[in-house]
Amino acid sequence: MAKEKMLPENDYTPVTYDPQYILMVNHLKKYFPIKGGLMSQTVGHVKAVDGVTFNLKRGHTMGLVGESGCGKSTLLNILGLLDNPTSGKYFLGNHEVANLKEKERTDVRKGEIGFVFQSFNLFPQYTALENVMLAGELLAKERPDYKANRRKIHDELESKAR
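About the cut-offs
- Residues numbered from 1 in each chain as written.
- Predicted model: local features only at pLDDT ≥ 70, side-chain atom pairs only at ≥ 80, totals over all residues.
- Heavy atoms only, no water.
- Helix = DSSP H or I, 4+ residues; strand = E, 2+ residues; numbered from the N terminus.
- Buried < 20%, exposed > 50% of the residue type's maximum accessible area, 1.4 Å probe, protein only.
- Contact = heavy atoms within 4.5 Å.
- Areas by Shrake-Rupley, 256 points an atom, 1.4 Å probe, with all protein chains shown as cover.
- Phe/Tyr/Trp six-rings, centres within 6.5 Å; stacked < 30°, edge-to-face > 60°.
- Salt bridge = Lys/Arg side-chain N within 4 Å of Asp/Glu carboxyl O.
- Pairing = 2+ DSSP bridges.
- Axes fitted to C-alpha atoms, helices over the stretch in contact; angles between N-to-C directions.

Visitor: Looking at this structure, how should I read the overall build of the chain?
Guide: For the chain, the count of helices and strands is 5 helices and 4 strands. When the elements of the chain are put in sequence order from the N terminus, they spell out α-β-β-α-β-β-α-α-α. Looking at the chain as a whole, 29% of its 162 residues qualify as buried. Sequence separation of at least 24 residues holds for 50% of the intrachain contacts in the chain that already meet a minimum separation of 6. Of the roughly 11600 Å² of accessible surface on the chain, 54% is carried by carbon and sulfur atoms.

Visitor: Which parts of the structure should I look at to understand the packing of aromatic side chains?
Guide: Any pair of aromatic rings gets described here by the distance separating the centres and the angle formed by the planes. In total, this model carries 1 aromatic pair according to the counting rule given. Geometrically, the ring pair formed by Phe 123 and Tyr 126 is edge-to-face, given 5.8 Å between the ring centres and 65° between the ring planes. Judged by its relative accessible area of 40%, Phe 123 falls in the partly exposed class.

Visitor: When you look at the environment of Val 132 in this model, what are you seeing that I'm missing?
Guide: With respect to the helices, strands and loops of the structure, Val 132 is situated in helix α4 (residues 128-139). Overall, the relative accessible area of 52% leaves Val 132 in the exposed class. C-alpha of Val 132 to C-alpha of Leu 122: the two residues are 10 residues apart in sequence and 9.0 Å apart in space.

Visitor: Mind showing me how you'd approach the pattern of salt bridges here?
Guide: Opposite charge on two side chains permits pairing when their charged atoms draw close. Following the criterion strictly, the structure yields 5 salt bridges and no others. The salt bridge partner of Lys 89 is Glu 96, with a shortest N-O separation of 3.5 Å. By relative accessible area, which is 37% here, Glu 96 ends up partly exposed. One salt bridge connects Glu 102 with Arg 105, and the closest N-O pair in it is separated by 2.4 Å. Placement of both Glu 102 and Arg 105 in helix α3 (residues 102-112) is noted, with a separation of 3 residues, approximately one turn of the helix. Here Glu 102 falls in the partly exposed class, since its relative accessible area comes to 43%. The buried category is assigned to Arg 105, whose relative accessible area is 7%. Because the salt bridges share partners, they merge into one network encompassing Glu 102, Arg 105 and Arg 109.

Visitor: Help me out: how do you make sense of the sheet that holds strand β1 (residues 21-36) in this one?
Guide: Within the open sheet, the 4 strands sit side by side as β2-β1-β3-β4. Their pairing is antiparallel. The open sheet has two edge strands, β2 (41-57) and β4 (95-96), and neither has a second partner. Sheet topology places β1 next to strand β3 (residues 87-92); 5 bridges connect them, and they run antiparallel. Across the sheet, Met 24 pairs through a bridge with Phe 91, a residue of β3. Contacting β1, β2 and β3, helix α2 (residues 72-79) runs over the sheet at an angle of about 120° to β1.

Geometric descriptors of this kind do not, in isolation, establish any biological role.
The following block contains the structure:
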């Protein structure tokens with residue numbers, strides 16, 4: 001099946017950046033090919049994410065719930081820039097990020113996205129505060145402002161921990 005027939009590009013309302021939103025997702029899709037036959041031809045697609053649309057305002061919280069296998073993790077991988085969608089639009093802040101190249105996704109993840117995993121995998125030899133500060137330490141050579149503000153950040157985190 002040709003990509004043009006499988007994923008029409010004009011089947012959603014175009015999104016343009018709106019500063020009241022931190023996240024804007026419009027008709028996001030992620031299809032995985034099903035291979036079959038002797039030549040491993042594509043015989044169909046698994047529609048893991050199929051036309052998801054939502055906006056998230058700055059300062060608001062949103063929950064993502066659903067049955068096992070419904071596409072929650074796939075959507076989060078796309079939103080976290082770990083994977084690209086098959087089609088659709090996705091704005092993170094004022095940047096359209098749906099189809100960034102790997103290096104560009106890595107740069108945005110480094111500076112704009114934080115992950116909290118169910119299994120948080122902290123380094124056991126570090127305190128909780130040291131684990132939190134670790135990402136900043138790794139970025140310090142790229143961000144002189146972090147090094148200059150390290151003490152202030154440390155004090156803020158420590159005061160919130162009490």
